[in-house]
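Inside the fold
This is what each chain is made of:
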Amino acid sequence: MEISKAEITSAAAAASASAAHNSNSPELRGAEILVKALQAENVKYVWGYPGGAVLHIYDAFYKQDTIQHVLVRHEQAAVHAADGYARATGDVGVALVTSGPGVTNAVTGIATAYMDSIPMVIITGQVPVPAIGLDAFQECDTVGITRPIVKHNFLVKDVRHMADVLKKAFHIARSGRPGPVVVDIPKDVSFNKTPYHGYPDKVEMRSYNPVRKGHGGQIRKALQLLLAAKRPYIYTGGGVILGNATSELRHLVDMLGFPCTNTLMGLGAYPATDPKFLGMLGMHGTIEANNAMQNCDVLLAVGARFDDRVIGNPKHFAQNERKIIHIDIDPSSISKRVKVDIPIVGDVKDVLTELIAMVNESSARPDPASLAEWWKTIEAWRGKECLKYDRGNKDVIKPQHVVETLYEMTKDADAYITSDVGQHQMWAAQYYKFNEPRRWINSGGLGTMGVGIPYAMGIKLAKPDSEVFCVTGEGSVQMCIQELSTCLQYNTPIKIVSLNNRYLGMVRQWQEIDYEGRYSSSYMDALPNFVKLAEAYGHVGMLIEHPKDVEPALREARKLKDRTVFMDFRTDPTENVFPMVKAGKGITEMLLGSEDL
Ligand SMILES: Cc1cc2nc3c(=O)[nH]c(=O)nc-3n(C[C@H](O)[C@H](O)[C@H](O)COP(=O)(O)OP(=O)(O)OC[C@H]3O[C@@H](n4cnc5c(N)ncnc54)[C@H](O)[C@@H]3O)c2cc1C
Ligand SMILES: Cc1ncc(C[n+]2csc(CCOP(=O)(O)OP(=O)(O)O)c2C)c(N)n1
Ligand SMILES: [Mg+2]
């Protein structure tokens, strides 16, 4: 996104001029202005890791007591924890890292947030302005490195710009299509003083004005299409959650009686236990969700971006000439991968509110006979029960059984579920029925192994009375396992549900299907003793090897409210995730079980 640096400079110059006239303005260091800005933005937690370039900032943190700094064990986890906090609360997540290696360690976290459009501000230390470009100690080109993975980034070269830049950073992060914003602060800028005349209360950027309200004419056209549809389908994604529009979505779906699906990022936007919900769609979606996508005649896409994991082979998807309506706040998301008929650029909450008002005003309703016929077809697909598995197995723990048991035990509880990346992530998405938004926290776009523990600890800090479970695999969990130490220091007792299949299971599954079972480097040998490892970090470890022990173990772990518990479930190493659409196939060309291999 382009925001002219001149705008920032001129605003800052005006600000400093007005400050010069105001002799009462106190002189503050850049680091102190940063703290004031974070306080003005109501920031309660910052996850970070210190180093030379940010020592003035850490000193300013030491002198205040409204913001809690959480010292993580690796910068990647600082960004993930702040990201998890943002996903669960809807607030901007804030992380702080030092220059050079602090920044490069944070890159994975920033890219993860960027791919899923998560509002974040990442403060990075930089070498002093005169040293920039001189291969200074711990120097790296943060603005250059992060440019492709941020919504925007700033290098603050003058302390007089500090307050203004931070105001803009928070505004950009949370408005429009949200995303991470990096603010790179050289050490001398955090040390230098300038008169401080308060945090700006308004932000104006000529070059950045995201549209909220959709075009009335387009919404009306969409309504006409929807009401005339014979086989309508509502496909919704992360945008509904990001835009806090779940109640509007539910209202619309209920009014129309249409079938509805969510992407991996949209789970919880529509209640999974409602019969109008067909389950997740896509590569590991249900038969009914994928078949409805392929066979509908009018598709309403709401805050979803037609990801390749969702539409499969675009040629196959295009075989059906359905009419597509697409609501998205980001014009660049529209017709990016799939050509749409009625684009509506706007905020999902505003647009759905208007659409609902128009439905209310209109006396027309979808033809009940066609809709009933469509539902009959869908129920036949649903009748195939594509998520059934060997439920009664008494010998080996089926991973699906662990997730289903967790769901049954916590469905009425105040619970958050994070996950890592792999088979376990898909089983969690398929078998845990999310009825509320912001309860399912995972990395969809970048698919970053290692997010599970940091996400969970970020959420637990903000929601101390909620139960937070991290469904993970023995591969992923080792990527940020050092954060068990942070969990102890900050008393964030989380419950780790590790589906330990001794394999990089998702890789093994692809090797089984596409590489004739040549399991090249996907077996996890020499795993640590996770029980002892958990204990070494001061937590509780449990080894669960038999199906009959699954439920008692989860019950026992939940009782240990104040302890972090690592549950090492030894699951079936040969289990695969079904349904599955192989790469290059159409979304209805699903493998339904091992008999299809
Ligand atoms: C192992 C693995 C397997 C996967 N398999 C699947 C699968 O089977 N099915 C699946 O669905 N995904 C799957 N994914 C996830 C997939 O890669 C994508 O992350 C996901 O499909 C994208 O979801 P989304 O379309 O909802 O987009 P998001 O990334 O959530 O994007 C949200 C969209 O909403 C828009 N938006 C944001 N805010 C607003 C607002 N206020 N108003 C309007 N619009 C807004 C944005 O501009 C954007 O276009 C898998 C990921 C992994 C790692
Ligand atoms: C950082 C990172 N490296 C590699 C991958 C590729 N990858 C996707 S799933 C997976 C295996 C995950 O193994 P595990 O955590 O044990 O989960 P399982 O699939 O066995 O449930 C790998 C290596 C990734 N997504 N992220
Ligand atoms: Mg595994």
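Analysis parameters
- Within each chain, residue numbers correspond to sequence positions counted from 1 in written order.
- Each chain is given a letter, starting from A, and each ligand a number, starting from 1, according to the order in which they appear as written.
- Whole-chain, interface and lining totals are the exception, using all residues; otherwise, since this is a predicted model, local features are given only for residues with pLDDT of at least 70 and side-chain atom pairs are given and counted only at 80 or more.
- Side-chain calculation: all heavy atoms of the structure are included, whereas hydrogens and water are not.
- Numbered from the N terminus, helices here are DSSP runs of H or I no shorter than four residues, and strands are runs of E no shorter than two.
- This radius of gyration counts C-alpha atoms alone. The globule rule is 2.2 Å times how many residues there are, raised to the power 0.38.
- Exposure is judged per residue with a 1.4 Å probe applied to protein chains only, and the accessible area is read against the type maximum: over 50% gives exposed, under 20% gives buried, and values in between give partly exposed.
- UniProt positions are given in the numbering used here, feature names are shortened, and annotations may be inferred rather than shown by experiment.
- All the domain ranges listed were derived from an automatic or database domain assignment.
- Note on contacts: a residue pair qualifies if any of its non-hydrogen atoms lie within 4.5 Å across the two residues.
- Values labelled buried area give the accessible surface lost by two parts on being combined, using a 1.4 Å probe and summing over both.
- Donor atoms (N, O, S) are those found within 2.8 Å of the metal centre, with the cutoff raised to 3.2 Å for Na, K and Ca; water is not part of the atom list, so apparent gaps in a site can occur.
- Square planar and octahedral assignments, for four and six donors respectively, both demand that opposite donors be over 155 degrees apart and that all other angles lie between 65 and 115; tetrahedral needs four donors with all angles between 85 and 135 degrees, and anything else is irregular.
- Any two strands with at least two DSSP bridges between them are considered paired.
- Under this scheme, a helix contributes an axis fitted over its contacting stretch, all axes are lines through C-alpha atoms, and angles between N-to-C directions fall in the 0 to 180 degree range.
- Any angle that falls under 35 degrees is termed roughly parallel, while one over 145 is termed roughly antiparallel, one within 65 to 115 roughly perpendicular, and all others oblique.
- Left-handed is the label given to a crossing in which the near helix is rotated counterclockwise from the far helix by less than a right angle, and right-handed is the label when the rotation is clockwise.
- The nonpolar class holds Ala, Val, Leu, Ile, Met, Phe, Trp, Tyr, Cys and Pro. Asp, Glu, Lys and Arg form the charged class, and all remaining residues, Gly among them, are polar.
- Whether two aromatic rings pair depends on their centres lying within 6.5 Å, for rings of Phe, Tyr and Trp, where Trp uses its six-membered ring; planes under 30 degrees apart make the pair stacked, over 60 edge-to-face, and the rest tilted.
- Sitting over a ring, as applied to charges here, requires NZ of Lys or CZ of Arg to be within 6 Å of the ring centre and within 35 degrees of the ring normal.
- The term salt bridge refers to a pairing of a side-chain nitrogen on Lys or Arg with a carboxyl oxygen on Asp or Glu at a separation within 4 Å.
- Any residue with a non-hydrogen atom lying within 4 Å of a molecule or strand is treated as near it.
- Any N or O atom pair separated by 3.5 Å or less is treated as a polar contact, with the protein-specific requirement of one donor-capable and one acceptor-capable atom, and with residues adjacent in sequence counted only for side-chain atom pairs.
- Each accessible area value is a Shrake-Rupley result obtained with a 1.4 Å probe; residue values ignore everything except the protein chains displayed when judging cover.
- The pLDDT value tells you how sure the predictor is about a given residue, anywhere from 0 up to 100.

The secondary structure content of the chain amounts to 23 helices and 22 strands. On C-alpha atoms alone, the chain measures out to a radius of gyration of 25 Å, which is about the 25 Å that the 2.2 N^0.38 rule sets for 597 residues. With the C-alpha coordinates aligned to their principal axes, the bounding extent of the chain is approximately 75 × 65 × 40 Å. The buried share of the chain, taken over its 597 residues, is 59%.

With that settled, consider the UniProt feature "domain: Thiamine pyrophosphate enzyme TPP-binding" (unreviewed entry) in the chain. Under the UniProt annotation, "domain: Thiamine pyrophosphate enzyme TPP-binding" (unreviewed entry) lies at residues 420–568. Taken end to end, residues 420–568 is 36% helix and 16% strand, and its first and last C-alpha atoms sit 15 Å apart.

This brings us to the domain arrangement of the chain. A common way to report how large an interface is uses the accessible area buried once the components associate. The assigned domain composition of the chain is domain 1 (26–195), domain 2 (216–382) and domain 3 (399–577). The straight-line distance from the C-alpha centre of domain 1 to that of domain 3 is 30 Å. With 26 residues of domain 1 at the contact, the number on the domain 3 side is 27 residues. Interface area, domain 1 with domain 3, both sides summed: about 2100 Å², of which 64% is carbon and sulfur. On the domain 1 side of the interface with domain 3, the three residues burying the most area are Arg73, Arg87 and Ala88, jointly 28% of the side's total.

It is worth spelling out the coordination of the magnesium ion (ligand 3) at this point. Protein coordination of the magnesium ion (ligand 3) is provided by Glu474 (OE), Glu474 (OE), Asn501 (OD1) and Tyr503 (O), with donor distances spanning 2.1 to 2.5 Å. For the magnesium ion (ligand 3), the six donor atoms are set out with angles of 51 to 176 degrees between them, so the coordination reads as irregular. Going along the chain, you hit the donors of the magnesium ion (ligand 3) in the pattern E-x26-N-x1-Y. Within this pair, whereas Glu474 is found in the loop between strand S17 (467–473) and helix H20 (484–489), its partner Tyr503 is found in the loop between strand S18 (495–500) and helix H21 (505–514), the two being separated by 29 residues in sequence.

Another point: unusual backbone geometry. Cis geometry is adopted by the peptide bond preceding Pro579, which originates at Phe578 and carries an omega value of -10 degrees. Checked against the element boundaries, Pro579 lands in the loop between strand S20 (565–570) and strand S21 (580–581). The phi dihedral of Ser117 falls on the positive side, at around 55 degrees, and the residue is not glycine. The buried category is assigned to Ser117, whose relative accessible area is 5%. One non-glycine residue with positive phi stands out, namely Glu516, at about 50 degrees. Exposure remark for Glu516: the relative accessible area of 68% places this residue in the exposed category.

A word on the sheet that holds strand S14 (residues 342–345). Strand order in the open sheet formed by six strands is S11-S10-S9-S12-S13-S14, and the pairing between neighbours is parallel. Looking at strand neighbours, the two that pair on one side only are strand S11 (277–280) and S14, the edges of this open sheet. Ignoring strand direction, the axes of neighbouring strands in this sheet form an average angle of 15 degrees. With five bridges connecting them, strand S9 (residues 232–236) and strand S12 (residues 298–302) associate as parallel partners. Residue pairing across strands places Thr236 opposite Val302, the latter belonging to S12. The sheet contacts of helix H9 (residues 216–228) involve S12, strand S13 (323–328) and S14, and relative to S14 the element is tilted by about 135 degrees. Strands in contact with helix H11 (residues 246–256) are S9, strand S10 (260–262) and S12; relative to S9, the strand with the most contacts, it is inclined by about 170 degrees.

Attention now moves to the packing of H11 against helix H15 (residues 348–361). The contact between H11 and H15 brings their axes to 9 Å, and the two run at 30 degrees. Put simply, H11 runs roughly parallel to H15. Both H11 and H15 take part in a crossing whose hand is left-handed. Where H11 abuts H15, its residues Glu248, Leu249, His251, Leu252, Met255 and Leu256 lie against Lys349, Leu352, Thr353, Leu355, Ile356, Val359 and Asn360. In the contact of H11 with H15, the residues fall into eight nonpolar, three polar and two charged.

Right, let's talk about the packing of aromatic side chains for a bit. Throughout the structure, instances matching the rule amount to 14 aromatic pairs. Each ring, one from Trp374 and one from Trp381, has its centre 5.9 Å from the other, and the planes form 90 degrees; the classification is edge-to-face. Judged by its relative accessible area of 13%, Trp381 falls in the buried class. These aromatic residues form a ring-pair network of at least three members: Tyr407, Tyr432, Phe434 and Trp440. The aromatic ring of Phe317 is capped on one face by Arg322, whose charged end is 3.9 Å from the ring centroid. Over the face of the ring belonging to Tyr416 we find Arg439, whose NZ or CZ atom lies 4.2 Å from the ring centre.

The next subject is the pattern of salt bridges. According to the stated counting rule, one finds 28 salt bridges in the structure shown. Lys276 is the partner of Asp254 in a salt bridge, and the nearest nitrogen-oxygen pair spans 3.0 Å. With Asp254 in helix H11 and Lys276 in the loop between S10 and S11, this residue pair connects regions lying 22 residues apart in the sequence. For Asp254, a relative accessible area of 46% puts it in the partly exposed group. Via salt bridges that share partners, Asp83, Arg87 and Asp116 belong to a single interconnected network.

Taken together, 36 residues surround ligand 1, and among them Gly238, Thr263, Asp328, Ser333 and Asp347 come closest. Interatomic distance of 3.1 Å between a backbone N/O atom of Ile329 and a nitrogen atom of ligand 1. Mapped by element, the contributors of at least two residues to the shell around ligand 1 are helix H10 (238–242), helix H13 (308–311) and helix H18 (423–431). With three residues, H10 is the largest single contributor of residues to the shell around ligand 1. The class makeup of the residues in the shell around ligand 1 is 14 nonpolar, 15 polar and seven charged.

The feature "domain: Thiamine pyrophosphate enzyme central" (unreviewed entry), as given by UniProt, occupies residues 219–355 in the numbering adopted here. Strand forms 20% of residues 219–355 and helix 37%; the C-alpha atoms that close the span are 6 Å apart.

Once that is clear, we can look at the site of ligand 2. In the vicinity of ligand 2 there are 17 residues, among which Gln423, His424, Gly447, Ser476 and Gly505 approach most closely. Interatomic distance of 3.0 Å between a backbone N/O atom of Gly475 and an oxygen atom of ligand 2. If ligand 2 stood free it would expose 590 Å²; the protein chains cover 76% of that surface. Here the shell around ligand 2 is composed, by residue class, of seven nonpolar, nine polar and one charged.

This next bit is on the confidence of the model for the chain. In regions of low pLDDT, the predicted coordinates are not meant to be interpreted in detail. Across the chain, the average pLDDT comes to 95, with 96% of residues at 70 or higher. Below pLDDT 50 for its whole length, residues 1–21 participates in 34 contacts with residues either more than four positions away or in separate chains.

Burial analysis of S13 places five of its six residues in the buried class, which makes it a mostly covered element. Alignment of S12 against S13, held across five bridges, turns out to be parallel. Considered in S13, the bridge of Leu299 is made with Ile324. Summarising the sheet, S13 and S14 pair through four bridges and their orientation is parallel. Following the sheet pairing, Ile325 is matched in S14 by Ile342.

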